[in-house]
Amino acid sequence: MTPRPFKQVDVFTATPYAGNPVAVVMDATGLSTEEMQRFTDWTNLSEATFVLPPSRAEADYRVRIFCPGRELPFAGHPTLGTCHAWLEAGGMPKGDFVVQECAVGPIRIRRDAGRLAFAAPPLARSEPLAADDVARLARGLGIQPGDIVHHAWCDNGPPWQGVMLRSAAQVLSLRPDPAALACLFVGVAAPHAKGGECAFEVRAFFPGQQGTIEDPVTGSLNAALAQWLVGAGLAPRRYVAAQGTAVGRAGRVHVDVDARGDAWVGGDSVTCIDGSVRL
């Protein structure tokens, strides 16, 4: 086993232990897929990433992203956490953006007012949900179908099904049924009262090794929600979303849809563990 540089980064927060952590193995050269998966499962975190030399000329580094039980083509908070770790370790981008290579292709990451933001990959699926899907989600969330005021597929790698409720308070009061939501990737959002720090409250539920789990702060979901909500005229082009409130975190996701229509999703990151790991 070889000592490898390692960082654990808390993402979507400037306060340690208030966001969503990701384990980052800074040099994964020579590790097999099985070794990466085994380490990810051992960390008991929602994701771990493994940094490798790029295979694309335009990329600054390549990353493989794993969650318990499987590899992911893309995920948001691991993207920001890995970039934070790479820059902190002395990484120098080739151009104006950091370009991360992952399974969905190159992802641009910009440094904006002291925080990182990634350009959301395009949605692979974005039409409204079928009536049967809406009914199943309502059952799983413990609400009536009429409480879901808007809905859509928000697939950007993870096959998110997005629903909007009437109020942030309703989102926070949800007590989902894990069995009813089994195997689903579910994102729930609703507006906060105007004039506050955050425009929306967000919660995310997805399959884990022990059944459906709630993610503290989810970059891929917030990216997909931004593309859906802004595109449908349900959100302003720039806003802040809160996530993690229901599980004792204080995540803040900054969304900015630029004049070209690119959705930039960002937040603060802070390193909590810095050292080495034997793999």
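It should be noted that the structure appears before, not after, this text.
Nothing here was measured: the structure is a model prediction, and the numbers come from that model.

The rules behind each value
- Residues numbered from 1 in each chain as written.
- Predicted model: local features only at pLDDT ≥ 70, side-chain atom pairs only at ≥ 80, totals over all residues.
- Heavy atoms only, no water.
- Phe/Tyr/Trp six-rings, centres within 6.5 Å; stacked < 30°, edge-to-face > 60°.
- Helix = DSSP H or I, 4+ residues; strand = E, 2+ residues; numbered from the N terminus.
- Buried < 20%, exposed > 50% of the residue type's maximum accessible area, 1.4 Å probe, protein only.
- Lys NZ or Arg CZ within 6 Å of the ring centre and 35° of its normal.
- Core = buried A, V, L, I, M, F, W, Y, C linked by side-chain atoms within 4.5 Å.
- Contact = heavy atoms within 4.5 Å.
- Pairing = 2+ DSSP bridges.

Describing the packing of aromatic side chains
Two aromatic rings are characterised by how far apart their centres lie and by the angle between their planes.
1) Next: Evaluated as defined, the whole model comprises 11 aromatic pairs.
2) Next: Between the aromatic rings of Y61 and W86, the centroid separation amounts to 5.1 Å while the plane-to-plane angle is 40 degrees, which identifies the pairing as tilted. Here Y61 is found in strand 4 (residues 61-67), whereas its partner W86 is found in helix 2 (residues 76-88), with 25 residues between them in sequence. Each member of the pair, Y61 as well as W86, is classed as buried.
3) Next: Here F200 and Y239 contribute two aromatic rings whose centre-to-centre distance is 5.1 Å and whose plane-to-plane angle is 70 degrees, an arrangement assigned as edge-to-face. Remark: Y239 occurs in strand 14 (residues 238-243) and F200 occurs in strand 12 (residues 200-208); sequence separation between them is 39 residues.
4) Next: Here F200 falls in the buried class, since its relative accessible area comes to 6%.
5) Next: Y239 sits in the buried class, given a relative accessible area of 6%.
6) Next: An aromatic cluster is present here, built from F6, F39, W42, F50 and F66 joined pairwise through their rings.
7) Next: Positioned above the aromatic ring of F97 is the side chain of R108, whose terminal nitrogen or guanidinium carbon lies 5.4 Å from the ring centre.
8) Next: A cation sits over an aromatic face here: R125 above W153, 4.0 Å from the ring centre.

Describing the nonpolar core
1) Next: Core analysis: the biggest nonpolar cluster contains 53 residues, and Y61, I109, F118 and Y239 have the highest contact counts within it.
2) Next: Among the elements that make up this core, the one with the highest residue count is helix 5 (residues 219-231) (8 residues).
3) Next: Residue contacts for Y239: discarding those within four places in its chain leaves A199, F200, N222, L225, A226, V230, V253, H254 and V255.
4) Next: With 18 residues, the next largest nonpolar core counts L137, I143, V163 and L174 among its residues.

Structural notes on the pairing of strand 16 (residues 263-267)
1) Next: Within strand 16, 5 of the 5 residues are buried, which leaves the element mostly enclosed by the surrounding structure.
2) Next: Of the two faces of strand 16, the one lined by A263, V265 and G267 and the one lined by W264 and G266 are each fully buried.
3) Next: Bridge count for strand 8 (residues 115-119) against strand 16 is 4 bridges, and the pairing is antiparallel. Directly across from F118, in strand 16, lies its bridge partner V265.
4) Next: As paired strands, strand 15 (residues 251-257) and strand 16 are joined by 4 bridges and run antiparallel to one another. Opposite V257, over in strand 16, you have A263 as the bridge partner.

As for unusual backbone geometry
1) Next: Residues other than glycine seldom take positive phi values, yet Y17 does so here, at roughly 75 degrees.
2) Next: For Y17, the location among the structural elements is in the loop between strand 1 (3-11) and strand 2 (20-25).
3) Next: Located in the positive-phi region is C183, a residue other than glycine, with phi close to 75 degrees.
4) Next: The residue C183 is located in the loop between helix 4 (168-173) and strand 11 (185-191) in this model.

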